[in-house]
Amino acid sequence: MNRSLQGLTYFVRTFGCQMNSHDSERVVGMLENLGMIMGDQETADIVVFMTCAVREAADTRLFGQVASMKNLPAPMGGKRIIALGGCIGQRDGDYLFDKLDNLNVVFGTHTIEDLPSLIEEAYETDKKVSSLADRAATPSTDLPIKRENNFHAWVPITMGCDNYCTYCIVPYVRGHEYSREFNQVVAEVELLASQGVKEVTLLGQNVNSYGRDLYGKPKFAELLRAMDDTGIKRVRFTSSHPKDLSDETIKAFAESKTVMPHLHLAVQSGSDRILKAMNRKYSAAHYLERIGKVRELVPQVALSTDIIVGFPGETEEDFQQTLDLAKKANFAQAFTFIYSKRAGTPAAKMIDDTPREVIQERFDGLVELIQTSAYANNKIEEGKTLDVLIEGSSKRDDTILTGRSPRNSTVHIKLAEGRSVEDYIGKIVQVKIELAKTWYLKGNLV
Ligand code: SF4
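What this report covers is the structure whose coordinates are included nearby. (Residues numbered from 1 in each chain as written. Predicted model: local features only at pLDDT ≥ 70, side-chain atom pairs only at ≥ 80, totals over all residues. Heavy atoms only, no water.)

Attention shifts here to the packing of helix α11 (residues 284-297) against helix α12 (residues 316-329). For any two helices packed against each other, the geometry comes down to the angle between their axes and how far apart the axes lie. The geometry of α11 relative to α12 is characterised by a closest axis approach of 11 Å and an angle of 5° between their N-to-C directions. Relative to α12, α11 is oriented roughly parallel. Contact residues: Ala-284, Tyr-287, Leu-288, Ile-291 and Arg-295 in α11; Leu-325, Lys-328 and Ala-329 in α12. Considered class by class, the residues forming the contact of α11 with α12 number six nonpolar, no polar and two charged. (Axes fitted to C-alpha atoms, helices over the stretch in contact; angles between N-to-C directions. Helix = DSSP H or I, 4+ residues; strand = E, 2+ residues; numbered from the N terminus. Parallel < 35°, antiparallel > 145°, perpendicular 65-115°, else oblique. Contact = heavy atoms within 4.5 Å. Nonpolar A, V, L, I, M, F, W, Y, C, P; charged D, E, K, R; others polar.)

Given below as structure tokens:
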């Protein structure tokens, strides 16, 4: 262990998706392995930004945050090291040193393991250092890790993506799609279960295509089935791609004892013309056929999705098709976005002349529809007793426990007199649902 970094404080700021959250857990694991202690962004000796490149606005906000750190007093250790990783690190590389003159370290999505030595070098030499491997490199998976909590764990099963949706930057910054070894994933989940973790989320840009690049091509369906013998209580997975959601996967999803009845299946649009322009490789009819199949085998499933409004060239008719699909799909939840041009993607070159106010009006209409189906999905839970994994307390009221139901609904539970939140965190408890709200359920401990 390098004595010069021991006892220094660090702070990790994470933007973006679950994959970044998982990468940040590994960054924290490595920094604590160097003897560092968690501090806060204003006073820490080492500050690491794990960045997201999905939206243009994110860049501007990030650059502002890094630049503003110049105005902060020097930390206890006498000098501050600022490191930038994640998708913007991978995309812009050394160019970032010209843009941000107080930046010391840049690393990419495939070189997280180099961060400790980069920080040591920057700290001892005042040099600006970077490590950026190209798309083909395979990032290491067995790094020290400090998870956000001890009851849920992100378990990446695939990294990267080869789908090249025309609006998406991910394939350019996260690299080729590759799958982790089957036994390695199963062993990790077994270990987590033996350490008391209750729930894992199998993670990937497109988990349904798991195993295509592995010897013997184990299918995602086999991995889901293997989860039942690991000792883990609850399994979730994200993200699924409609073009790769096979009958075997749906059957395994239905027959598994540990996989929760919640499926996140991004649709993005209900218009075949727009789906083609997005290079999504499926039609609205195919999407509805797949979710019909899922509902046939898993009638209690809660479906969530992603929808983009205002993709270049979207007409009123295209948007009506998106509304029609959303009505038929009866989503329990939808992450709705207004299209954001991303430099370097094919869609960024497409003609985008729909007035902003028209797009905003469409967006508001879609959100209203989703609120109706979200409430209807929660309403069917009223009167039932559900197994809820307690995750913490409500941000607004620390006498209210919050947890997650099998169908991925947030559940609020009044804390009993004389009990503390700590008594319940990480436990799966039985909750009688008294009231449904649009975005959460209210209930009492049984
Ligand atoms: S499937 Fe499409 S949207 Fe998802 S990460 Fe891959 S390219 Fe991006």
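Two strands in a sheet stick together by hydrogen bonds in their backbones, pointing the same way (parallel) or opposite ways (antiparallel). In spatial order, the strands read β15-β16-β17-β19-β18; together these five strands close into a barrel with mixed pairing. For this sheet the average axis-to-axis angle between neighbouring strands, irrespective of direction, equals 55°. Relative to strand β18 (residues 428-436), strand β15 (residues 385-393) runs antiparallel, the two sharing five bridges. From the neighbouring strand, Thr-385 faces β18, where its bridge partner is Lys-432. (Pairing = 2+ DSSP bridges.)

Next up on the list: helix α5 (residues 115-125). Because the α-helix completes a turn every 3.6 residues, residues three or four places apart line up on one side. Every buried residue of α5 is accounted for by Leu-115, Pro-116, Leu-118, Ile-119, Glu-120, Ala-122 and Tyr-123. Next to the buried residues of α5 lie α1 (18-33), β3 (46-51), β4 (81-85), β5 (105-107) and β6 (129-131). One or two residues past the end of α5 sits Asp-126, with phi positive at roughly 60°. (Buried < 20%, exposed > 50% of the residue type's maximum accessible area, 1.4 Å probe, protein only.)

Turning to the layout of surface pockets, a few remarks are in order. Empty space within the second largest pocket amounts to approximately 300 Å³. Residue assignment for the lining of the second largest pocket shows that the elements contributing at least two residues are β15, β16 (400-404) and β17 (410-414). Its residues placed into classes, the lining of the second largest pocket shows two nonpolar, five polar and four charged. (1 Å grid on protein atoms, 1.4 Å probe; cavity = no way out; pocket = protein on both sides within 12 Å on 5 of 7 lines; lining within 4 Å. Points joined across faces, edges and corners; volume = space filled by probe spheres on them.)

Scanning the model with the defined rule gives seven aromatic pairs in all. For the ring pair Tyr-282 and Tyr-287, a centre distance of 6.5 Å and an interplane angle of 35° mean the geometry is tilted. Joined through ring pairs, the aromatic side chains of Tyr-167, Phe-311 and Tyr-339 make up one cluster. One cation-aromatic arrangement involves Lys-79 over Tyr-123; the distance from NZ or CZ to the ring centre is 4.8 Å. (Phe/Tyr/Trp six-rings, centres within 6.5 Å; stacked < 30°, edge-to-face > 60°. Lys NZ or Arg CZ within 6 Å of the ring centre and 35° of its normal.)

Now for the site of the ligand. In the vicinity of the ligand, the contacting residues are Cys-161, Asn-163, Tyr-164, Cys-165, Tyr-167, Cys-168, Val-170, Pro-171, Gln-205, His-241 and Arg-280. For the shell around the ligand, the residue count by class is seven nonpolar, three polar and one charged. (Near = heavy atom within 4 Å.)

Attention now goes to unusual backbone geometry. With an omega of 5°, the peptide bond between Thr-238 and Ser-239 qualifies as cis. Of note, Ser-239 is situated in the loop between β11 (234-238) and α9 (247-255). Positive phi values are uncommon outside glycine, yet Lys-281 reaches one of about 65°. Tracing the sequence through the fold places Lys-281 in the loop between α10 (272-277) and α11. By relative accessible area, which is 45% here, Lys-281 ends up partly exposed.

A separate point is the pairing of strand β19 (residues 440-445). Where β17 meets β19, four bridges bridge the pair, whose relative direction is parallel. Each residue of the ladder has a partner; that of Val-411, found in β19, is Leu-441. Strand direction decides the pairing type here: β18 and β19, joined by five bridges, are antiparallel. The partner of Ala-436 across the bridge, within β19, is Leu-441. Between the end of β18 and the start of β19, which pair antiparallel, lie three residues.

The biggest cluster of nonpolar side chains holds 56 residues, and the ones touching the most others in it are Val-200, Leu-202, Leu-223 and Phe-331. Of all hydrophobic cores here, the second largest spans 25 residues; its members include Ala-83, Phe-107, Leu-118 and Leu-143. (Core = buried A, V, L, I, M, F, W, Y, C linked by side-chain atoms within 4.5 Å.)

Extensive coverage of β16 is indicated by the burial of four of its five residues. Connecting the antiparallel pair β15 and β16 is a turn made up of six residues. Relative to β17, β16 runs antiparallel, the two being bridged by five bridges. Residue Ile-400 lies in a different strand from β17, and its bridge partner there is Lys-414. Connecting β16 to the next strand, β17, in antiparallel fashion are five residues, including Asn-408 with a positive phi near 70°.

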